[in-house]
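# Structural description and commentary
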Amino acid sequence: MSPWEVLLSALSGIGGNVTRAALTLLGVLIGVGSVILLLGVGSGATANVAEQIEGLGSNTITVSPGFSRGATRFQDLTLDAAEALQAPDAAPDIAEVVPQVSTSATVAHGTVSTSATVTGTTANYFTVTNSPVAIGTPFRDEDNAAARKVAVIGASLAEDLFDQADPVGQTITVGTTPFTVYGVLHAKDTAGGSSANSGIVIPLTRAQRSLTGYTALSSITLQAASAESIDAAAAQAELVVAESLGVTTEDATFTVTTQSQLLEASTSVGSTLSAMLAAIAAISLVVGGIGVTNIMLVTVSERTREIGIRKALGATGAAISAQFILEATLLSLAGGALGVAAALGASRFEIMGTRPVISAGSVVLAAGVSVAIGVFFGGYPAIRASLLTPVAALRHD
Amino acid sequence: MTAVIDARGLTRIYGSGESQVAALAGFDLTVEPGEFVAVMGASGSGKSTAMNILGCLDVPDDGTYLLDGKNVGRMGARQLARVRGRTIGFVFQSFNLVSRMSALRNVELPMLYAGVSRREARRRATAALDMVGLSHRATHRPSELSGGQQQRVAVARSLVNTPTLLLADEPTGNLDSASAEQVLEVLEAINRAGRTIVLITHDHDVASHAGRIAHMRDGRIVAVDTRVPAAAGAAVASGGTA
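Summarised in this report is the structure supplied together with it. (Residues numbered from 1 in each chain as written. Chains lettered and ligands numbered in written order. Predicted model: local features only at pLDDT ≥ 70, side-chain atom pairs only at ≥ 80, totals over all residues. Heavy atoms only, no water.)

### Focus: the overall build of chain A
The secondary structure content of chain A amounts to 13 helices and ten strands. The buried share among the 397 residues of chain A stands at 47%. Within chain A, counting contacts between residues at least 6 apart in sequence, those at least 24 apart form 79% of the total. Accessible surface, chain A as shown: approximately 17,900 Å² in total, 61% of it carbon and sulfur. (Helix = DSSP H or I, 4+ residues; strand = E, 2+ residues; numbered from the N terminus. Buried < 20%, exposed > 50% of the residue type's maximum accessible area, 1.4 Å probe, protein only. Contact = heavy atoms within 4.5 Å. Areas by Shrake-Rupley, 256 points an atom, 1.4 Å probe, with all protein chains shown as cover.)

Structure (structure tokens):
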């Protein structure tokens with residue numbers, strides 16, 4: 001029997017029960033579609049986080065207080081440490097130092113009030129952390145030196161407080177202190193929950209005087225002189241801060257994190273997430289495959305008599321099993337193709353706050369797996385069919 | 001000339017131990033080319049088992065069976081499939097047409113398994129349906145045909161690979177007498193054209209269409225009744241059943 005004939009009889013077998021074929025196909029469709037889509041969600045989320053980390057500014061290093069460990073007493077980050085980092089001889093590869101304090105406060109304008117994260121920092125914050133001002137101007141060094149009551153607010157906070165009105169020059173109340181709005185930050189991509197859009201940035205000196213008091217810094221952001229000197233700058237930062245706090249680097253509780261470390265960490269989290277999602281989706285693919293086996297077993301037992309007839313007419317076991325395997329493969333392949341189409345369609349929408357990124361690899365993988373399902377899960381019923389003796393098959397009702 | 005069927009001492013035992021039953025117990029039969037032989041027996045005489053083994057649908061537990069001079073017992077599954085497809089044509093009591101296929105596609109099926117090209121298969125199937133008087137029903141499915149028509153489609157199907165042997169197992173068992181008569185006439189015409197036929201039946205009237213009747217009881221041939229010369233069989237037999 002020519003391959004073309006085998007294909008025709010497989011097709012006529014599928015056509016024999018359209019509803020059942022459609023339901024089987026649906027099982028494979030859901031399996032393949034969810035594998036592709038959830039892999040896409042995983043890589044979309046990873047790409048999002050990477051983008052946000054890059055959005056933190058270029059060549060940046062973050063010094064954060066960290067956690068106390070063992071017998072070592074927890075050390076606060078101090079302004080002295082930030083100043084020491086600015087010394088060019090001790091830290092030649094550090095170009096910019098941005099000390100930050102942050103707290104949460106009630107921000108109000110007129111009758112509208114909301115809670116916002118207030119960051120007290122220096123004027124270079126805007127360039128180093130890649131937070132340009134969209135409307136108005138950022139505050140300057142002299143504003144910080146004079147501890148002026150001025151503020152730059154996030155885009156969504158501006159909308160909350162002022163709706164469509166121009167916030168520049170208006171007065172808002174932060175805690176109990178009135179501040180003049182200098183500008184509004186450029187809206188950042190919020191996917192992943194960046195708080196920059198709803199935050200407020202004021203001079204460090206003013207934050208300490210009115211809101212946080214002269215306590216520890218919440219973090220220090222550093223900018224390396226160049227991309228190549230990030231690791232050197234991080235090493236220098238660790239030594240300088242430890243010296244300034246009067247501890248050895250072994251005893252230090254603060255941490256120095258470069259952007260690439262953040263990226264690595266988030267990428268590894270992302271791939272773990274992707275793997276978990278794919279594993280969950282793979283379960284549905286297996287369930288779909290079992291559906292194919294089930295339906296082929298039913299088909300074989302329903303067509304046992306036909307198998308007997310075909311054998312009496314000269315069909316070899318190979319011709320019989322080829323027909324059933326092909327039938328199962330066609331079903332799962334069609335299900336796989338529709339699953340790919342469904343996943344591509346669904347990827348146009350946001351899922352869990354993420355636009356799925358569908359890779360060609362995952363499509364090829366899913367299509368391959370669906371063919372494999374047909375051959376593997378259809379193989380057992382097909383081989384059972386081919387081994388039937390003609391007389392037993394013919395006697396079957 | 002080589003005998004079409006040369007079966008000696010065929011034995012087939014079902015079950016095991018205490019409950020075992022010998023459906024065939026030393027079955028001997030020789031059929032020469034061009035013969036029309038009826039194997040007759042009551043139900044339980046082993047005639048269906050004989051048909052299955054003669055048709056290579058089942059294998060005997062003992063004995064030798066030469067089909068067209070070739071020892072079937074030495075063949076593997078692939079060769080047996082080939083023999084079923086090309087050397088033997090089957091006509092079953094329950095027609096055994098594939099219900100999803102049209103009459104024409106059913107008739108084409110054995111040729112497709114035998115590697116005949118699609119075009120040639122279509123041509124030969126059309127001619128075969130014409131021969132049994134059903135060319136106008138070629139596109140109908142079995143469910144749209146009467147029993148007699150279905151059996152004539154099955155006869156057409158059994159002939160398309162020009163088999164050495166046509167095996168008919170109670171071909172009229174499910175038919176009314178008019179349809180049965182038509183089918184038997186077709187079989188007689190085929191035999192007159194030189195085809196060897198073995199007909200299995202319990203019905204004496206049906207068996208009387210054959211040139212030679214082998215009576216079966218308890219799994220073996222107990223008597224052979226050469227009623228008439230094969231050439232004159234048709235005339236005498238139809239007189240006998242009228």
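### Examining the overall build of chain B
Across its full length, chain B carries eight helices and ten strands. Taken over 242 residues, chain B has a buried fraction of 55%. Counted over contacts in chain B with a minimum sequence separation of 6, partners at least 24 positions apart contribute 70%. Accessible surface computed for chain B: about 10,300 Å², of which carbon and sulfur atoms make up 48%.

### So, the layout of surface pockets
Taken as a whole, the second largest pocket holds about 530 Å³ of empty space. Taken together, 28 residues make up the lining of the second largest pocket; nearest its centre are Arg395(A), Ser48(B), Thr49(B), Asn52(B) and Asp169(B). Within the residue set of the lining of the second largest pocket, elements represented by two or more residues are α13 (390-395) of chain A together with β2 (21-31) and α1 (47-54) of chain B. Of the residues forming the lining of the second largest pocket, the biggest block, five residues, is contributed by α1(B). Of the residues in the lining of the second largest pocket, the class split is nine nonpolar, twelve polar and seven charged. (1 Å grid on protein atoms, 1.4 Å probe; cavity = no way out; pocket = protein on both sides within 12 Å on 5 of 7 lines; lining within 4 Å. Points joined across faces, edges and corners; volume = space filled by probe spheres on them. Nonpolar A, V, L, I, M, F, W, Y, C, P; charged D, E, K, R; others polar.)

### Regarding the interface of chain A and chain B
With 24 residues of chain A in contact, the opposing surface of chain B contributes 23 residues. At the boundary of chain A with chain B, the tally comes to one salt bridge. The salt bridge involving Glu306(A) is made with Arg100(B); its shortest N-O contact spans 2.7 Å. On inspection of chain A and its partner chain B, the count reaches seven residue pairs in polar contact (both at pLDDT 80 or more). (Salt bridge = Lys/Arg side-chain N within 4 Å of Asp/Glu carboxyl O. Polar contact = N/O pair within 3.5 Å; in protein donor to acceptor, adjacent residues only side chain to side chain.)

### Brief notes about unusual backbone geometry
Residues and elements named next belong to chain B. Even without a glycine there, the phi angle at Thr162 is positive, about 40°. As for its placement among the helices and strands, Thr162 is situated in the loop between α5 (147-159) and β7 (165-169). With a phi close to 50°, Asp218 is a non-glycine residue in the positive phi region. Within the secondary structure, Asp218 sits in the loop between β9 (212-217) and β10 (220-225). You can call Asp218 exposed: its relative accessible area is 56%.

### A closer look at a nonpolar patch on the surface
Residue and element names in this part refer to chain A. There is a patch of nonpolar side chains on the surface, built from Leu23, Leu26 and Ile30 and spanning about 290 Å² of accessible area. For Ile30, the location among the structural elements is in helix α2 (residues 18-55). Looking at Ile30, the relative accessible area reads 49%, which means it is partly exposed. (Patch = residues over 30% accessible without salt bridge, like charges linked within 9 Å, V, L, I, M, F, W, Y side chains within 5 Å.)

### Focus on helix α3 (residues 103-113) of chain B
Residue and element names in this part refer to chain B. Within α3, eleven of the eleven residues are buried, which leaves it mostly tucked inside the rest of the structure. Among all positions of α3, only Ala103, Leu104, Arg105, Asn106, Val107, Glu108, Leu109, Pro110, Met111, Leu112 and Tyr113 are buried. Following α3 by one or two positions, Gly115 adopts a phi angle in the positive range, close to 85°.

### Remarks on the environment of Ala234(A)
Residues and elements named next belong to chain A. Considering the arrangement of structural elements, one finds Ala234 in helix α8 (residues 230-245). A relative accessible area of 12% places Ala234 in the buried class. With 23 residues separating them in the primary sequence, Ala234 and Thr257 have C-alpha atoms 7.6 Å apart. Setting aside chain neighbours within four positions, we find Ala234 in contact with Ile61, Val256 and Thr258.

### Details of the side chain of Ser219(A)
Among the secondary structure elements, Ser219(A) is positioned in strand β9 (residues 219-224). Ignoring anything within four residues of it in the chain, the contact list for Ser219(A) reads Thr62(A), Val63(A), Leu77(A), Val98(A), Pro99(A) and Gln100(A).

### Some words on the sheet that holds β9(B)
Residues and elements named next belong to chain B. Strands sit in the order β6-β7-β8-β3-β9-β10 across an open sheet of six strands; the sheet is mixed. Edge positions in the sheet fall to β6 (88-91) and β10, since each of these pairs with one other strand and no more. Recorded for the sheet is a direction-independent mean angle of 20° between the axes of neighbouring strands. For β7 and strand β8 (residues 196-201), the ladder comprises five bridges, and the chain directions are parallel. Bridged to Leu165 within β8 is Thr196. (Pairing = 2+ DSSP bridges. Axes fitted to C-alpha atoms, helices over the stretch in contact; angles between N-to-C directions.)

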